[in-house]
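# A closer look at the structure
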Amino acid sequence: DRKLQLIAWAMFAVALVFCLSVAEFFASEAIAAIIDIAGKALGIVILGLMALLYFWKFRPMSRDQRSHYLAEDGFVHIAFQKAMAKSWMLSFLVLVILQALDNLILERLPAMPLEIVIQGILAFMLLLFSVAFLFLTRAESGNEE
């Protein structure tokens, strides 16, 4: 279903915005300005995708149809829960491993502001979630056909 993939692609784009913010920290001033413009353009694309999804899928639905489509036992909700569980489990596993290997890996990185660290973690988590959601919806929708 194209609409499901649109949701995942929008989340993937949000993850890329966070990745660009982290990359901007490490880039020179000239490249950071280009990355900043790319991040803002990507933000506009995200808003466009969400508006497209809303007007294409959800606005024409009645309130009953919308609640049925987003019901807890619905395909979107189940795929969302599975993707969230798998991606968050893997994210926290990676964070625990990084914490355990603090002296080997994290000490070699330059000192970063807390904002950059949080954006990096959010980017990683959203990337994992969107990829897992795309994989689950593609795999499950392929099984139904």
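Sequence order sets the numbering: in each chain, residues are counted from 1 along the sequence as written. Selection of residues for local features in this predicted model requires a pLDDT of at least 70, selection of side-chain atom pairs for listing and counting requires 80 or more, and totals for whole chains, interfaces and linings are taken over all residues. With hydrogens and water excluded, all non-hydrogen atoms of the structure serve as input to the side-chain values.

### Side note on the side chain of glutamine 119
Let me state the cut-off plainly: Each helix is a run of H or I in the DSSP string that is no shorter than four residues. Each strand is a run of E no shorter than two, and both are numbered from the N terminus. Working rule for contacts: check all heavy atoms of both residues, and any pair within 4.5 Å makes them a contact.
As for its placement among the helices and strands, glutamine 119 is situated in helix H5 (residues 114–144). Apart from the residues within four sequence positions on either side, glutamine 119 is in contact with Phe18, Ser21 and Val22.

### Details of the packing of aromatic side chains
Note the threshold: Only Phe, Tyr and Trp rings take part, Trp by its six-membered ring, and two of them pair if their centres are within 6.5 Å. Stacked means planes under 30 degrees apart, edge-to-face means over 60, and tilted covers everything else. Classification of residues uses two cut-offs on accessible area relative to the type maximum, computed with a 1.4 Å probe and protein chains only: under 20% is buried, over 50% is exposed, and between them is partly exposed.
Per the counting criterion, the structure on display carries 5 aromatic pairs. Seen in terms of ring centroids, tryptophan 88 and phenylalanine 92 are 5.8 Å apart; in terms of plane orientation they differ by 50°. Their pairing is tilted. With a gap of 4 residues between them, tryptophan 88 and phenylalanine 92 both fall in helix H4 (residues 75–100), about one helical turn apart. Overall, tryptophan 88 belongs to the partly exposed group, its relative accessible area being 40%. Ring plane angle 10° and centroid distance 5.9 Å describe the contact between phenylalanine 129 and phenylalanine 133, whose orientation is recorded as stacked. You can see phenylalanine 129 and its partner phenylalanine 133 sitting in helix H5, 4 residues apart, about one turn around the helix. Just as phenylalanine 129 is buried, phenylalanine 133 falls in that class too.

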